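Okay, here's what each chain looks like letter by letter:
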Amino acid sequence: MSVREAPQLPSSASQEAGILRVLADARFLAGRAIRESLRQPGVEVTNIFIPLFFLAVSTGAIANFSDRGFGVENYLAFQLPVAVLQAVAGSSSASGIAIVLDMERGYFDKLLLTPASRWALIIGRVWADAVRAVFFATIMLIAALIAGSGMAAGVGGAIVILIIAGLFGGAYSGIGIFIAMRTGNAQAAQAGFLLFFPLLFMAPAFAPLAIFDDWLRWIATVNPVTYIMEGMRQLVIHDYGWLVLENGIPVIGADGRPVQDDPPGLHWAFVSLAGFSAFTMTIAALALRARTRAD
Amino acid sequence: MSTQTPSISERLLDGLAAPAPQHDRDAAPAIEAHGLVKHFGDIHAVNGIDLRVRPGQIFGFLGQNGSGKSTTVRMLTTLLRPTSGSARVAGHDIYADDREIRRSIGVALQDAGLDILQTGRELLRLQSRLYNIPRDQIESRVAELLDVVDLTEDADRRIGGYSGGMQRRLDLASALVHSPSIIFLDEPTTGLDPVSRQAVWDYVQHLNRVDGVTFFLTTQYLDEADLLCDEIAILDAGEIVQQGTPDELKATVSNDVIYVQVEGDEPIQQRAVNTLIQIPNVEDASWDFNEGVAVYTKNGHETLARVVRSLDDESLPFSNLRLARATLDDVFFRATGHRIEPGDPAQSGQPGASA
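Treat the numbers as computed from the prediction; the structure is a model and nothing was measured.

### A look at the overall build of chain A
Stage number 1. The secondary structure content of chain A amounts to 11 helices and zero strands.
Stage number 2. Secondary structure elements of chain A, listed N to C terminal, follow the sequence α-α-α-α-α-α-α-α-α-α-α.
Stage number 3. Counting all 295 residues of chain A, 46% fall into the buried class.
Stage number 4. Considering only intrachain contacts with a sequence separation of at least 6, the fraction spanning at least 24 residues in chain A is 78%.

### What to know about the environment of Phe333 of chain B
Residues and elements named next belong to chain B.
Stage number 1. Note on placement: Phe333 falls in helix α12 (residues 328-336).
Stage number 2. Residues Phe333 and Asp288, spaced 45 residues apart in sequence, show a C-alpha to C-alpha distance of 9.3 Å.
Stage number 3. Once you skip the residues sitting within four places of it in the chain, Phe333 turns out to touch Asp288, His338 and Arg339.

### A short note on the sheet that holds strand β14 (residues 318-325) of chain B
Residue and element names in this part refer to chain B.
Stage number 1. Reading across the sheet, the four strands line up as β12-β13-β11-β14 and stay open at both edges, with antiparallel pairing between neighbours. Because the sheet does not close on itself, it has two edges, and the strands there are β12 (282-288) and β14. Sheet twist, expressed as the mean angle between neighbouring strand axes with direction ignored, is 20°.
Stage number 2. Both β12 and strand β13 (residues 292-297) contribute to a ladder of six bridges, which runs antiparallel. For Asp288, the partnering residue across the bridge sits in β13 and is Gly292.
Stage number 3. Across the face of the sheet, helix α11 (residues 300-313) comes into contact with β11 (256-262), β12, β13 and β14 while running at roughly 20° to β11.

### Concerning the domain arrangement of chain B
All names here are of chain B.
Stage number 1. Domain annotation for chain B reports domain 1 (8-249) and domain 2 (254-336).
Stage number 2. For domain 1 versus domain 2, the distance between C-alpha centres works out to 38 Å.
Stage number 3. Taken together, the contacts link 10 residues of domain 1 with seven residues of domain 2.
Stage number 4. Secondary-structure elements contributing two or more residues to the side of domain 1 that touches domain 2 are α8 (222-228), β9 (231-236), β10 (239-244) and α9 (246-251).
Stage number 5. Per-element accounting of the side of domain 1 that touches domain 2 gives the leading share, three residues, to α8.
Stage number 6. Each residue belonging to the side of domain 1 that touches domain 2 can be placed in one class, and the counts come to seven nonpolar, one polar and two charged.

### Side note on the packing of helix α2 (residues 41-70) of chain A against helix α3 (residues 75-105) of chain A
Residue and element names in this part refer to chain A.
Stage number 1. Orientation of α2 relative to α3, taken along the N-to-C sense of each, is 160°, at an axis distance of 9 Å. Taken together, the axis directions place α2 and α3 in an arrangement best described as roughly antiparallel. Of the two possible hands of crossing, α2 and α3 adopt the one that is right-handed.
Stage number 2. Looking at the contact of α2 with α3 residue by residue, the class counts come to 15 nonpolar, nine polar and no charged.

### Some thoughts on helix α6 (residues 164-174) of chain B
Structurally, the α-helix is built with 3.6 residues per turn, so residues lying three or four positions apart point the same way.
Stage number 1. Most of α6 of chain B sits inside the fold, with 10 of its 11 residues counted as buried.
Stage number 2. Every buried residue belonging to α6 of chain B is among Gly165, Met166, Gln167, Arg168, Arg169, Leu170, Asp171, Leu172, Ala173 and Ser174 of chain B, and all of these are buried.
Stage number 3. Of the surrounding elements, those touching the buried residues of α6 of chain B are α4 (107-112) of chain A together with β6 (105-108), α4 (120-130), α5 (135-148) and α7 (194-211) of chain B.

### A closer look at helix α9 (residues 214-222) of chain A
Residue and element names in this part refer to chain A.
Stage number 1. Listing the buried residues of α9 in full gives Arg217, Ala220 and Thr221. The buried side chains of α9 occupy one side of the element, clustering within an arc of 105° when seen end-on. For α9, the exposed residues set more than 90 degrees away from the buried face come down to Trp215 and Val222.
Stage number 2. On the buried face of α9, the contacting elements are α10 (224-238).

### A few points about the pairing of strand β3 (residues 58-62) of chain B
Residue and element names in this part refer to chain B.
Stage number 1. Where burial is concerned, most of β3 is hidden: five out of the five residues are buried.
Stage number 2. Burial of the side chains of β3 extends over both faces: Ile58, Gly60 and Leu62 are buried on one face and Phe59 and Phe61 on the other.
Stage number 3. Here β3 runs beside strand β8 (residues 214-219); their pairing, made up of five bridges, is parallel. Counterpart to Phe61 in the pairing with β8 is Thr218.
Stage number 4. In the sheet, β3 pairs with β9 via four bridges, with the strands oriented parallel. Pairing of Leu62 across the sheet is with Ile234, part of β9.

### Considering the nonpolar core
Stage number 1. Formed by 174 residues in total, the largest nonpolar core has its most connected members in Val84, Val88, Ala137, Ile164, Phe168 and Ile228 of chain A.
Stage number 2. Examining the composition of this core, we find that 17 residues originate from one element, α3 of chain A, more than from any other.
Stage number 3. Lining this core are residues from two domains, each supplying at least three of them: domain 1 (8-249) and domain 2 (254-336) of chain B.
Stage number 4. Setting aside its immediate chain neighbours within four residues, Ala137 of chain A contacts Val84, Ala87, Val88, Ile161, Leu162 and Ala165 of chain A.

Criteria and cut-off values
Residues numbered from 1 in each chain as written. Chains lettered and ligands numbered in written order. Predicted model: local features only at pLDDT ≥ 70, side-chain atom pairs only at ≥ 80, totals over all residues. Helix = DSSP H or I, 4+ residues; strand = E, 2+ residues; numbered from the N terminus. Buried ≥ 20, exposed ≤ 12 C-beta atoms within 10 Å, placed from the backbone. Contact = placed C-beta atoms within 7 Å. Pairing = 2+ DSSP bridges. Axes fitted to C-alpha atoms, helices over the stretch in contact; angles between N-to-C directions. Domains from an automatic or database assignment. Nonpolar A, V, L, I, M, F, W, Y, C, P; charged D, E, K, R; others polar. Parallel < 35°, antiparallel > 145°, perpendicular 65-115°, else oblique. Left-handed = near helix turned anticlockwise from the far one by under 90°. Arc of directions from axis to C-beta. Core = buried A, V, L, I, M, F, W, Y, C linked by C-beta atoms within 7 Å.

Have a look at this one:
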């Protein structure tokens, strides 16, 4: 066998059809991205330590007051979705940095030079981030359960939380991919995580929406993280929120005034995830196209 | 009766003894470009390149840093969209059939594009999968390529621990996974020590002679271009200023060059040039800061004494008189007006990255 003769490549005509090929390539690239994480455990420890630290200190500071202050009996349970989202956003932001490093090392060009679909480069990263998100969310859940958060919706509820975390992780990675493609700059890509904080603080992260000032409540209402967070909270505190249909409406009316004080139902978490994913994937895809056209 | 199959390494060495392939001048070109232009804002990186590379050729782009070599490679390999012009690679249009081109070519860019967290084996395995090599052939193919580039023992170590030479060899192997008919190598030996450079040259010659692979390589090393290339295009400021086989190019300058260091400032150097160019048999004379005055002649031995006499007659003090055969360096100088100055120690034979 000569170096040139070796592999019998399928002819173009027999190549797997478009979307299956893209998914196959994305799976290989996702595998590589996950290996990358496993080989840098030091980097990943931060994504575990920081959310656990905030969970511990915020609970320690507010738990004794939360019931009297704003009617939350189990503040640890109230905070668990915040820790999950924080861990997931931190982990998914790393994709942008990884892509910039690939660019700096020339490996991104090597991938672009293969016949693999360029969309597979994005989908592979998103896929890996979704898997990593589930891993980090699992650690947050276990830690909180051990600390006594409880889980009103039981094992099924925990699984739904992990699904939401995975979807949010995949969606959030689009932001890092967008920044990496547009800037090619590691510092800028790192800032992808900082963008999470406005989204977090303008959602009912530390207190229920009911006690927010109107202006902040209005912002929280259009913030997708509000619905994703409240959906998870439903499962931890109140069982399956989607069964409570009267809670299944947005928390603010057409006149701009609150229409209810109860949190939105679980299904709004999935609606928000769909919208958020559509937005982040679109900007990531447009940025990839702009970069690979390289005009 | 069974015969023992020679290893790839043995066959690689056999390949170097094989005759260079004959190129059919009428065959459809492996690579062709017409009026290829690339501007980055006000920077005109490539200014209208026309070229035609025949199947089985080793075609070299010789030029200094910033001459447009890498930009041309990036356009031909579909990484960069030209500002204007057209090109076909392996019969496919760079605008319309970019994916077909990527299926047909192997590319090793100037900086070895590797993921330092993977092992060598993992990188080649992933590369094979992305080229859609059948699953049952991947492991044997990866093992074969690791053997070819002498990385079998290090295959399961992370690439971050490889030396520069090992990374370059792995990069080359990754360009071969799908058995491309055309391989682009952008400065394949820049930064390598002499042993690693020789290894890369051996792989290139083997693949060309035994497997008929067409190579398009860029280099700033004259010896590399002279040794490997069937045809060389000298690139300067984004334009091809001269093109031909190494022998054809050398024939454009005289057989011999006499170098002489004349003492004095630039007007004195110019006086020396004007004096020496009057000597019968002298075809040209020029001056540059590094080499001094260069006198091009068909017969160096005969002209040497006349050079000495002429300088004495003009009372021009001189030293370091030296006779040399004309090289590609002289061709390059005549074509571009400056000497090529590679930006790394490999040209001088000093060790760069270890193998």
